[in-house]
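Here's the letter readout for the chains.
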Amino acid sequence: MNALTLAWRALRHTPLASCLNLLLVAAGIAMMTFILAVSSQLEERAGRDARGIDLVVGAKGSPLQLILSSVYHADIPTGNIPASALAALAAQPQVRSAIPLALGDNFHGLRIVGSTTALLDHYGAQLAQGKLFTQPMQVVFGARAARETGATVGARFAGAHGLAAGGELHDHAPYTVTGILQPTGTVLDRLILTPVASVWQVHETDPDEPPAAPATAPGRELTAVLVQYASPLAAIGLPRWVNAQPRLQAAQPAVEAARLFTLLGAGVDVLRAIAAGVLLVATLSLFVALYGALQQRALDMAILRTLGASPAKLLRLLLAQGLLLSLAGAAIGWLLGHAGIAALEWLQPLDLQPWRIAAGEAWLAVTAVAVGLLAAALPAVRAYRTDIAATLARP
């Protein structure tokens, strides 16, 4: 009978202690898996959303809020800026491209974003159905937005005021769906895109708003402009020029994203420390269980020795018990960790892939092996040094 078979039977002999140790290991590995997978996917997605956007120009206020609202669409804007700022930016030799954004309405909680087809080109969007918008009051749905709302090409709907569901409907100015995009894996998937003129038209024809103004009226406003530099040297002069304007603010996504992940990183580190603490408790508990089992079964070990079992076999037996518990706990913990990601995505859609394996997860198996070997090391050495005569001579 090999060491694994003997180890399995020994663990079955103490089911309660074995299950408790299994759950402790599983809890620690599940927390590690969840934290590692979620943090890596969120960081990767944030990088995709901000790729190619060197500067965001918006109303003065918090730079981080400006980035969150205009790049990640996860916050409210800092305010509006004159529409003339777009032409002023585009005229700068340091600017390669300038993409306008106009926010203010939503459909079932999904943001209706006024922009140009340049925003679609920036994220490499491709049509799955229909065609792109060509005139005001036409919209194109991102893949996730279409899935969540059941939007179809040709359908008409009214947007609601504000960036969260529950606002007053603009029934007087319905939109028409002209296209649905293929998934891009970016923020575009959960947006509804329309020409900037649509946003102006909806609010200027609202009965509660002032009368409509000419298309070239100076009072027209945008929420933000996404800028791509013409050269790296633009990073020195362009933000300074923008910030010198009375109503404009420049925010750099790379800088603000680094700040954000520094803030979030502290919380992630705390969670990792808690998970490490759980694994440490699991290691100690496993050690106590194996050491106690060795004390109770000292006579059995001595009898095994008299039947021909070598000291090395007893060593392997205890190590096998530790490894069986830790590896089984790691497997259960991995499943629980990814199931937790699936539950999070169901409760709060974050575009996470629940069963995607992060690069660092391979280390979790190594961690589990280390936990098992460390916990079983001392009991295994004691079993190896079992004194047959002294043990059998005990009353």
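Keep in mind that this is a model prediction, so the values were computed, not measured. (Residues numbered from 1 in each chain as written. Predicted model: local features only at pLDDT ≥ 70, side-chain atom pairs only at ≥ 80, totals over all residues. Heavy atoms only, no water.)

Enquirer: I'd like to hear about the nonpolar core, residue by residue, with values.
Expert: Ranked by size, the top nonpolar core spans 30 residues in total, and within it Val56, Val71, Tyr72, Leu119, Leu188, Leu193 and Leu226 carry the most contacts. Broken down by secondary-structure element, the contributors of at least two residues to this core are helix H2 (15–50), helix H3 (63–70), strand S3 (95–107), helix H5 (117–122) and strand S12 (224–229). In terms of residue count, H3 provides more of this core than any other element does, four residues in total. Residue contacts for Val71: discarding those within four places in its chain leaves Asp49, Ala50, Ile53, Val56, Leu66, Tyr123, Val187, Leu226 and Pro253. In this structure, Ile81, Val95, Val199 and Ala234 belong to the second largest nonpolar core, which totals 20 residues. (Core = buried A, V, L, I, M, F, W, Y, C linked by side-chain atoms within 4.5 Å. Buried < 20%, exposed > 50% of the residue type's maximum accessible area, 1.4 Å probe, protein only. Helix = DSSP H or I, 4+ residues; strand = E, 2+ residues; numbered from the N terminus. Contact = heavy atoms within 4.5 Å.)

Enquirer: An account of the side chain of Gln92 is requested, with residue identities and associated values reported.
Expert: With respect to the helices and strands, the residue Gln92 is situated in the loop between helix H4 (84–90) and S3. The class of Gln92 is buried, set by a relative accessible area of 19%. Setting aside residues up to four positions removed in sequence, Gln92 forms contacts with Leu238 and Trp241.

Enquirer: Kindly report on the pattern of salt bridges, identifying the contributing residues and their values.
Expert: The full count for this structure, using the stated rule, is seven salt bridges. In this structure, Arg247 and Glu221 form a salt bridge, with 3.0 Å as the shortest nitrogen-oxygen distance. With a gap of 26 residues between them, Arg247 in the loop between helix H8 (234–243) and strand S13 (248–251) and Glu221 in strand S11 (residues 221–222) connect regions that are remote in the sequence. Note on Arg247: relative accessible area 41%, which makes it partly exposed. (Salt bridge = Lys/Arg side-chain N within 4 Å of Asp/Glu carboxyl O.)

Enquirer: Tell me what's going on with the environment of Ser39, and back it up with residues and numbers.
Expert: Tracing the chain through its elements places Ser39 in helix H2. For the pair Ser39 and Ala358, spaced 319 residues apart in sequence, the C-alpha to C-alpha distance is 9.6 Å.

Enquirer: Outline the side chain of His170, supporting the account with residue identities and numerical values.
Expert: Within the secondary structure, His170 sits in the loop between strand S8 (160–161) and strand S9 (175–181). A polar atom in the side chain of His170 sits 3.3 Å from the side chain of Asp105. (Polar contact = N/O pair within 3.5 Å; in protein donor to acceptor, adjacent residues only side chain to side chain.)

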